[in-house]
Structure formats: C-alpha cells, structure tokens
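# A look at the structure
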Amino acid sequence: MLTFIGDGNNVANSLILCGALLGVEVRIACPKGYEPNSSVINKANKISKNKNLLKITDNVCEAVSGANVLYTDVWSSMGEENQLEKKDKDFYGFSIDSNLIRKASKDAIIMHCLPAYRSKEITDEVIESKNSRIFEQAENRMHVQQSLLSCLLA
Amino acid sequence: MLKPIRLAKKNFLSSLDTSSKEFLHILEIAKSFKNKDLNIELKDKVLGLIFDKSSTRTRVSLQVAMSRLGGYTIDLNPSTSQIGRGEPIKDTARVLSRYCDAIAIRTFDHSDLEEYAKWSTKPVINALTDLEHPCQALADFFDNSRGILKF
C-alpha cells in the first residue's frame, strides 16, 4: 500500500491512476480542499474492480498506518508561489518526519519526486534515512523513460 | 533477448494510456536497461522537447535516455520558437511532426497537450501538466530487483 501525503496534485493524480491500473492500494492524505482532481478519482474508481483500493482522507495517521511506501511532493507546485504562505499554513501536520514513519509498516520506504523543501513536507533526517529511496527513484526516471521511448518508437 | 514491444497507443499523455500489461512490460525493459543487458538503438531519432515550465529531472533524464539510445533531443524553447507565441497548436504540431520522431511536452493546461497530440502524427509524451505526471508515476513503480514494486 502506497500513502501519498500532501497536495492532491498532478503526481498524486498519476499515482492514483497507476494504482487503479495495477490493483495497488493507494491512500492520499491531504488537508480539506486539497483533494485530487475529482475526474481522476472517478476514472480510478471506474477501472478499479475493488472500490476500497483508493482512500482520500485528511487523517494522516490513519492513512499512514500499515503503509509500505510513504510518498510526498512539494506543497506549492510551480506557478503556485503566490500561495506559498497559505499552503504552508494549511499543510501543517502533513509532513513526513521520523514520528510519522513509526506509524507506517516497519520497513516502509520513503519516496519524493523532488525538488524537496526540507522541514516543510519532509525532514532532512527522513530524506537521508536508510529507507529513503529518493535518489534511486530519481535515477529510475532515466531508465524507465529510456524504456518508454523504446516502446513508443520501436 | 527481451525486445521492446510497440505500445498500442501512439501517445503517453496519461497513466491510463498503457494497459497494465504494457505498463509492466515498460518496467521490465527498464530493468534490462538499468542492468545494462539490453542494447536498443534508436539511431538518429530525434525527440523534441517543449518545456513551458522549468525542469531538472524530467528534462535531463529524457535527454540522457535518448542519447543512450543513439538518438538526439532538441530544445524547442517557447521563447525562441513559435510555440506559445500565437501560432495555433494544430499548426505547430503538424510542422514538428515532419521534423521530429517524438515530442515531450511540459505545459500547464492538459487540454493543450491533448490538442497537440490530436494533430501530431508522431508520439507525444506528457512531461507534466497541471493534471498528470505519468512519466513520474511510471518510474515510481519501478523496482530494481523485481521490476515492479510490490506493495
């Protein structure tokens, strides 16, 4: 089970759709008003055989409980710089820190699609922790896109 | 030897543009690339990059991926070309289809990407829109040892 904590943005949308496609349980923990796009949620529910695979909640602890992957992204995406202050306030409590990790599955891995703002959505300690896959995750972009290009142009 | 199978759809605009089988196939091929036991040549193929927003990982990883395949990328920067300066998307898309073998686009409005893909005769890759980031999510399910992350 993958838990995404933060803004219901484009990355969250794509993770939701991939989860539905592959039959992977995805939970999104976001403050009220920052839920993922409703058309994306509808699409996911439509193709997913199991309606319980997707959960959207503002209860971080509940969402993290038992998760195998904790995933986050910046709170303010590109073009939202003017909302920075408001979002920092609204997302209070939606940070991945060592306390939160203890509530997840014992060997839960940490993912972040970068760029990361330390001490906002994630702490430096968590980024540098042994279960962090963040830099391998970034490397994988290259291998997977090399494959995607091959499959589109083969 | 494992060989890339052509995807059923021309474009990769959404995480739902592949079947689950194709999704897993892409990750399987990616694993071979990562382990350096697959050599695929896209010799002299050209990937055009249209990025309306800044990018580090997506841009650089696409550039390196393409060069590892023996192809090229060219920057179609909106400030130095017609894109975003008033030429209709349908015109730009048809012209660039005659120069490039594929296009990766990062823009704001997902419907602009869809409009571009509608008129492009070559594959279009979503390099991030306000709605989706399918290249990111695809890579996020990759696992080095198993090919796909098991949750």
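Residues numbered from 1 in each chain as written. Chains lettered and ligands numbered in written order. Predicted model: local features only at pLDDT ≥ 70, side-chain atom pairs only at ≥ 80, totals over all residues. Heavy atoms only, no water.

### Topic: the interface of chain B and chain A
Facing the 62 residues of chain B at the interface are 46 residues of chain A. The junction of chain B with chain A conceals about 4800 Å² of combined surface from both sides, 70% of it contributed by carbon and sulfur atoms. For the pair chain B and chain A, the interface holds two salt bridges. Between D143 of chain B and R133 of chain A there is a salt bridge; the shortest N-O distance is 3.3 Å. Applying the counting rule to chain B against chain A returns 17 residue pairs in polar contact (both at pLDDT 80 or more). (Contact = heavy atoms within 4.5 Å. Buried area = accessible area lost by both parts, 1.4 Å probe. Salt bridge = Lys/Arg side-chain N within 4 Å of Asp/Glu carboxyl O. Polar contact = N/O pair within 3.5 Å; in protein donor to acceptor, adjacent residues only side chain to side chain.)

### A few points about helix α7 (residues 134-153) of chain A
Its 20 residues place the ends of α7 of chain A 29 Å apart at the C-alpha level, agreeing with the 28 Å of an ideal helix rising 1.5 Å per residue. Burial within α7 of chain A is extensive, with 16 of its 20 residues counted as buried. (Helix = DSSP H or I, 4+ residues; strand = E, 2+ residues; numbered from the N terminus. Expected span 1.5 Å × (residues − 1). Buried < 20%, exposed > 50% of the residue type's maximum accessible area, 1.4 Å probe, protein only.)

### Quick notes on the sheet that holds strand β2 (residues 72-75) of chain B
Residue and element names in this part refer to chain B. Ordered in space as β2-β1-β3-β4, the four strands form an open sheet in which the pairing is parallel. Strands with a single pairing partner mark the edges of an open sheet, and in this sheet they are β2 and β4 (124-126). Across the sheet, the mean angle from the axis of one strand to that of its neighbour is 25°, orientation sign disregarded. Sheet analysis places strand β1 (residues 46-51) next to strand β3 (residues 102-106), joined by five bridges and oriented parallel. In the strand pairing of β3, G48 is matched with I103. The strands that helix α4 (residues 110-119) touches are β1, β3 and β4; relative to β4, the one it contacts most, it runs at about 165°. (Pairing = 2+ DSSP bridges. Axes fitted to C-alpha atoms, helices over the stretch in contact; angles between N-to-C directions.)

### A few points about the environment of L21 of chain A
Mapped onto the elements of the fold, L21 of chain A is located in helix α1 (residues 10-22). Linking L21 of chain A and K49 of chain A, residues 28 residues apart in sequence, is a C-alpha distance of 9.7 Å. Apart from residues lying up to four places away in sequence, L21 of chain A is in contact with I47 of chain A together with S15, L16, T18, S19, S20 and F23 of chain B.

### Quick notes on the environment of R133 of chain A
Residues and elements named next belong to chain A. Tracing the backbone through its elements, the reader meets R133 in the loop between α6 (124-127) and α7. When its relative accessible area of 26% is taken as the criterion, R133 is described as partly exposed. Along the backbone, R133 and I110 are 23 residues apart, and their C-alpha atoms lie at a distance of 5.8 Å.

### Overview of the layout of surface pockets
In this structure, the largest pocket encloses a volume near 550 Å³. Looking at the largest pocket, it is lined by 28 residues, and the ones nearest its centre are V74, S77, M78 and P115 of chain A together with L128 of chain B. When contributions to the lining of the largest pocket are tallied by element, the ones reaching two or more residues are α1 of chain A together with α2 (57-68) of chain B. Tallied by class, residues from the lining of the largest pocket come to nine nonpolar, eleven polar and eight charged. (1 Å grid on protein atoms, 1.4 Å probe; cavity = no way out; pocket = protein on both sides within 12 Å on 5 of 7 lines; lining within 4 Å. Points joined across faces, edges and corners; volume = space filled by probe spheres on them. Nonpolar A, V, L, I, M, F, W, Y, C, P; charged D, E, K, R; others polar.)

### Some thoughts on the sheet that holds strand β3 (residues 54-57) of chain A
Sheet strands associate in pairs through backbone hydrogen bonding, adopting either a parallel or an antiparallel arrangement. Residues and elements named next belong to chain A. A sheet is described by the order of its strands in space; here five strands give the open sequence β3-β2-β1-β4-β5, paired in parallel fashion. Each edge of the open sheet is held by one strand with a lone partner, namely β3 and β5 (109-112). For this sheet, the mean inter-axis angle between neighbouring strands, taken without regard to orientation, is 20°. With four bridges joining them, strand β1 (residues 2-5) and strand β4 (residues 69-72) adopt parallel strand pairing.

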